[in-house]
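The lines below spell out each chain.
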Amino acid sequence: MVGSSLIIALTGASGISYGLRLLKKINVFKNKYSEVYVVYTFNAVKVALYEEGLDLLEFLKGLNGVKAVYPENDFSSELASSSNLVFTDMVIVPASMNTIAKIANGIQDNLVTRTASAVLRLRNKLVLVFRETPLSSIDLFNLYRLAMAGAVVMPASPGFYIKPKSIEDITDFIVGKILDALHVEHNLYKRWGR
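These figures come from a predicted structure and were not determined experimentally.

Topic: the environment of Ala147
Here Ala147 shows up in helix α7 (residues 137-148). Relative accessible area serves as the criterion here: at 39%, Ala147 is assigned to the partly exposed category. Considered as a pair, Ala147 and Leu126 are 21 residues apart in the sequence and their alpha carbons are 9.6 Å apart.

Shown next, in the form of structure tokens:
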């Protein structure tokens, strides 16, 4: 539905490259989402510097097509109220297990968890891309609870039938799967059997 919004949240899990690559592909999903927002945690800033050598705030300032960028502690943001999220989907990529646990247990102590809870409450699409291994029974139970609440639970585990030749190919596979979950057409990876 044109006129709907997408929130992309970046947390402090390893795998920030997935979120950065999704943000670089905004033009791919602009036909479906007329507004794109970004929320980041302070740990995402640290991980972006450590894993990518990237100043996340400078990167986010340079993005075209993003309506607004909010830090995790901005509860004055329009995203903090479910009354503004009626036609809003959300992707948390990468989703830390801390964030997963909080959402699964109804803890809304930052803008990411508060917004995700509202998206679930409204039965909109919430895609959780986590990159943790191995998983404890507690992690699995939290992921199960979120799946039962309607979230799309997506481990960042790439398929190799695409015969990747680079890290970017592997990253694009996961980003493509995120877009698949959002029902957005793309050509980021070669589909099985085609």
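Some words on the pairing of strand β1 (residues 4-10)
Of all 7 residues making up β1, 7 are buried, and the element is well covered by its neighbours. Both faces of β1 are covered, namely the face carrying Ser4, Leu6, Ile8 and Leu10 and the face carrying Ser5, Ile7 and Ala9. As judged from the 7 bridges shared by β1 and strand β2 (residues 33-40), these two strands associate in the parallel manner. In the strand pairing of β2, Ser5 is matched with Glu35.

A few points about α7
Look at α7: 16 Å from first C-alpha to last across 12 residues, which is about the 16 Å you get at 1.5 Å a residue. Buried residues of α7: Asp139, Asn142, Leu143 and Leu146, and no others. All buried residues of α7 lie within an arc of 95 degrees about the axis, which places them on one face of the element. Along α7, exposed side chains directed more than 90 degrees from the buried face belong to Ser137 and Met148. In this structure, the buried side of α7 is in contact with α5 (97-104), α6 (111-121), β5 (126-130) and β6 (152-155).

Observations regarding the environment of Tyr70
The topology assignment puts Tyr70 in strand β3 (residues 68-71). Residue class for Tyr70 comes out buried when judged on its relative accessible area of 11%. Residues Tyr70 and Tyr40, 30 residues apart in the sequence, show an inter-C-alpha distance of 6.5 Å. A polar contact is formed between the side chain of Tyr70 and the side chain of Glu78, at a distance of 3.1 Å.

A closer look at the pattern of salt bridges
This model, assessed by the stated rule, comprises 6 salt bridges. The structure contains a network of salt bridges with shared partners spanning Arg21, Glu168 and Asp172.

A short note on the nonpolar core
Counting residues in each nonpolar core, the largest one holds 39 residues, and the members touching the most others are Leu10 and Phe29. With residues near it in sequence (within four places) discarded, Leu10 still touches Ile16, Gly19, Leu23, Val38, Val39, Tyr40, Thr41, Ala44, Leu56, Leu60, Val93 and Pro94. Counting residues in hydrophobic clusters, the runner-up holds 28 residues, among them Leu85, Met97, Ile100 and Ala116.

Definitions and limits used
- Residues numbered from 1 in each chain as written.
- Predicted model: local features only at pLDDT ≥ 70, side-chain atom pairs only at ≥ 80, totals over all residues.
- Heavy atoms only, no water.
- Helix = DSSP H or I, 4+ residues; strand = E, 2+ residues; numbered from the N terminus.
- Buried < 20%, exposed > 50% of the residue type's maximum accessible area, 1.4 Å probe, protein only.
- Pairing = 2+ DSSP bridges.
- Expected span 1.5 Å × (residues − 1).
- Arc of directions from axis to C-beta.
- Contact = heavy atoms within 4.5 Å.
- Polar contact = N/O pair within 3.5 Å; in protein donor to acceptor, adjacent residues only side chain to side chain.
- Salt bridge = Lys/Arg side-chain N within 4 Å of Asp/Glu carboxyl O.
- Core = buried A, V, L, I, M, F, W, Y, C linked by side-chain atoms within 4.5 Å.

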